Structures are given as C-alpha cells and as structure tokens.
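The chain contents come next:
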Amino acid sequence: MSDNWNTYFTSIDDKPASILLDLEPWVNRSDEMLIHLYRLSVTLNEPNENGLTSNMEASILYDIEDSIHDSLDSNYMFVGRITTDGKREFFYYTDHVDGSKLENIAEKFLENYKYSINCIEEQKPRAFYHEFLYPNKSEWHRMGNRELVDKLIELGDNLEKSRSVNHWIYFSSEESCNYFKEKVQKDRFQIEDQVIQDDKYSLRISRNDFVQLHAINEVTDYLVSVAQQFHGDYDGWETQVIKEQEGFSNRLKRLFKSKK
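Note that the structure is a prediction, hence the values are computed from the model and not measured.

So, how was this worked out
- Residues numbered from 1 in each chain as written.
- Predicted model: local features only at pLDDT ≥ 70, side-chain atom pairs only at ≥ 80, totals over all residues.
- Heavy atoms only, no water.
- Pairing = 2+ DSSP bridges.
- Helix = DSSP H or I, 4+ residues; strand = E, 2+ residues; numbered from the N terminus.
- Expected span 1.5 Å × (residues − 1).
- Buried < 20%, exposed > 50% of the residue type's maximum accessible area, 1.4 Å probe, protein only.
- Polar contact = N/O pair within 3.5 Å; in protein donor to acceptor, adjacent residues only side chain to side chain.
- Axes fitted to C-alpha atoms, helices over the stretch in contact; angles between N-to-C directions.
- Contact = heavy atoms within 4.5 Å.
- Salt bridge = Lys/Arg side-chain N within 4 Å of Asp/Glu carboxyl O.
- Phe/Tyr/Trp six-rings, centres within 6.5 Å; stacked < 30°, edge-to-face > 60°.
- Lys NZ or Arg CZ within 6 Å of the ring centre and 35° of its normal.

J.: Help me understand the pairing of strand S1 (residues 5-12) in this model?
T.: Two faces make up the sheet, and in a regular strand the side chains alternate between them. Of the strand pairs in this sheet, S1 and strand S2 (residues 15-22) are connected by eight bridges, and their pairing is antiparallel. Its bridge partner being in S2, Ser 11 is matched across the sheet by Pro 16. Where S1 folds back on S2, the antiparallel hairpin that results is connected by two residues, among which Asp 13 adopts a positive phi of roughly 55 degrees.

See the structure below:
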C-alpha cells in the first residue's frame, strides 16, 4: 500500500460510481506474493438518490473501514473501493487461498449491514485492478481537473467568469496533428502554437470556457477522445486566476500532467 491515493467519479452499468484507489499499491517486493483478489461487498442502509453514500452513512462506513483494515495483517493489501448502485465494494489482494480471515473480521464489524465476500478469478495477475479499477485517460484527467480547480478556488477564484484555457496535445506525426487541428477548430478552438522536436509534434490550443469542475471535465473528455481518435496524447491545461475583488488576473501554470 502506498501513500498515492485518489478518487474519481465514473459510471458503471450507466449508474454513477465513486472510486477510491491506491495508484501505486505494489511498492514492496513482498507484495508480489499477494495474488488472490477478494471483494467485500456491503449493501448501503441509506443510499442517496444516486445510489451513493449519504454524508452520515459515509462517516459510519469510514470508521468501519478503518477498523477492518487495522485488524488485517500485511498478508492483505487494500487497493481500492467502489461505491455504486447502493453498494460499497472493497478490494483486497492476499496470499491466502481462502478468505476466512476477512470473513471473520467483516462479521465482527459489519453486524448492522448485509455483506458478502467472494474471490475474483483473474486471467492474469492484477488484471482486474488494471482493467477495471484503474482510471482510463479521461478519468485520469478528471482527477487532475479536480485538483487544479480546487487550487483555483484556494487562490481566490470564484470560477464565475469564463476565461481563456490553454491545452497541450502531442502527436507522433504531422498528419495526425493536422487532422486533430481541423477537427477542433470546427469546435471553436484556436491554434496558439506548434513545435516540432525529435519527430514529435507539440500543439497548444485555446478556447474561452468556464472552469467549474463539470464544465472543464466536459472539455477534457472531448479533447482526450479526439486526441485518441487521431493517435495523439492530451497532456493537460492551464488558465489564469481571476480574483474579482482585486481586479487583476495572475497566470497559473499547469499543476497537473498526465502520466504517459
């Protein structure tokens, strides 16, 4: 288990889902022996209208989660949880062939909840983690969007004004870059800069947009999709801080960069 945890929102079977994930769980060599994956599925007592946790029940479940994890030894590695459709599911890798220890601990702390435990068979090691739990490109950028929007708010921006937002995209061929430019210009993006270095094409584009989280998520989802369509790699965005009370704007450099 690492210190690199993050959350992101997505949809599973067309229903809202919240995922908490350890982004670098296998940090020690001994973790390589944890090859059996178990899921602890807990039915929420009072889910909200979206099938996620209410604030009150979330607090209760946090305490239960901490108690369960404190009771498990190093033979169990918690890698993440999913909350969706009235359930919260916890995922553990272990070297135990059976899940009896997890079962005994769950029985102790989940006396007021319905729950089940099952082993997930993986076709190859860590397949479920990488193919189902780990964020895709759009979801990864949404995590970064949240961090950057929170930073804007921290710096005194109320996000009420639209502003110019710069985006970076990289391509391995001029043809792909040109196709991408043609597509996004139809959606009002301006070409700001293009650099060719070591057969790599770096493109900077801009558009006037709002940067509330839902708004910028839509923009980055779109750009990730179009970049992938033309074999490019969307790399993130930057904008300016607008402080209404001070009457000036300061340039905020990119605080988030996608992993390759």
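J.: Is there a simple way to explain helix H4 (residues 137-154) in this structure?
T.: Working note: α-helix, 3.6 residues per turn, so residues spaced by three or four point in the same direction. End to end, H4 covers 26 Å across 18 residues, agreeing with the expected 26 Å (1.5 Å per residue, within 8%). Among the residues of H4, those classed as buried are Ser 138, Glu 139, Trp 140, His 141, Met 143, Gly 144, Asn 145, Leu 148, Val 149 and Leu 152. Structurally, the start of H4 carries an N-cap: the backbone nitrogen of Ser 138 is 3.1 Å from a side-chain oxygen of Asn 136.

J.: What am I meant to see in the sheet that holds strand S3 (residues 36-43) here?
T.: Each strand in a sheet pairs with its neighbour through backbone hydrogen bonds, running either in the same direction (parallel) or in the opposite one (antiparallel). Pairing in this open sheet of six strands is antiparallel, and the strands run S1-S2-S4-S5-S3-S6 from one edge to the other. A single partner strand is all that each edge strand has here, and the edge strands are S1 and strand S6 (115-120). Between one strand and the next, the sheet's axes are offset by a mean angle of 20 degrees, whatever the strand orientation. Across eight bridges, the pairing between strand S4 (residues 76-84) and strand S5 (residues 87-94) is antiparallel. Residue pairing for S5: Phe 78 is matched across the bridge by Tyr 92. Against the sheet, helix H1 (residues 55-71) engages S3, S4 and S5, with an angle of about 15 degrees to S5.

J.: Could you clarify how one ought to interpret the pattern of salt bridges in this entry?
T.: Think of it this way: side chains of opposite charge can pair up when their charged atoms draw near. Inspection of the entire model under this criterion finds eight salt bridges. With its nearest N and O atoms 2.5 Å apart, the salt bridge here joins Asp 73 to Lys 101. Residue Asp 73 is located in the loop between H1 and S4, and its partner Lys 101 is located in helix H2 (residues 100-109); the two are separated by 28 residues in the primary sequence. Its salt-bridge partner being Lys 137, residue Asp 233 comes within 2.7 Å of it at the nearest N-O pair. Of this pair, Asp 233 sits in strand S10 (residues 232-243) while Lys 137 sits in helix H4, placing them 96 residues apart in sequence.

J.: Quick question: what am I supposed to make of the packing of aromatic side chains here?
T.: Working definition: an aromatic ring pair is given by the centre-to-centre distance plus the angle between the planes. Counted according to the given criterion, the structure contains twelve aromatic pairs. A centroid spacing of 5.4 Å and a plane angle of 65 degrees characterise the contact between Trp 26 and Tyr 93, whose relative ring orientation is edge-to-face. With a gap of 67 residues between them, Trp 26 in the loop between S2 and S3 and Tyr 93 in strand S5 connect regions that are remote in the sequence. Each member of the pair, Trp 26 as well as Tyr 93, is classed as buried. Arranged with centres 6.1 Å apart and planes meeting at 5 degrees, the rings of Phe 189 and Tyr 222 form a pair that is stacked. Within this pair, whereas Phe 189 is found in the loop between helix H5 (174-185) and strand S8 (190-197), its partner Tyr 222 is found in helix H6 (residues 213-229), the two being separated by 33 residues in sequence. The class for Phe 189 is buried, based on a relative accessible area of 1%. Aromatic ring contacts, followed pair by pair, group Trp 26, Tyr 93, Tyr 129, Tyr 134 and Trp 140 into a single cluster. Over the face of the ring belonging to Trp 26 we find Arg 126, whose NZ or CZ atom lies 4.3 Å from the ring centre.

J.: Explanation requested: the environment of Tyr 234 in the structure shown.
T.: Within the element layout of this structure, Tyr 234 appears in strand S10. By relative accessible area, Tyr 234 is classed as buried at 1%. Along the chain, Tyr 234 and Lys 137 lie 97 residues apart, while their C-alpha atoms are 8.8 Å from each other. For Tyr 234, the side chain forms a polar contact with the main-chain oxygen of Gly 236, separated by 3.4 Å.

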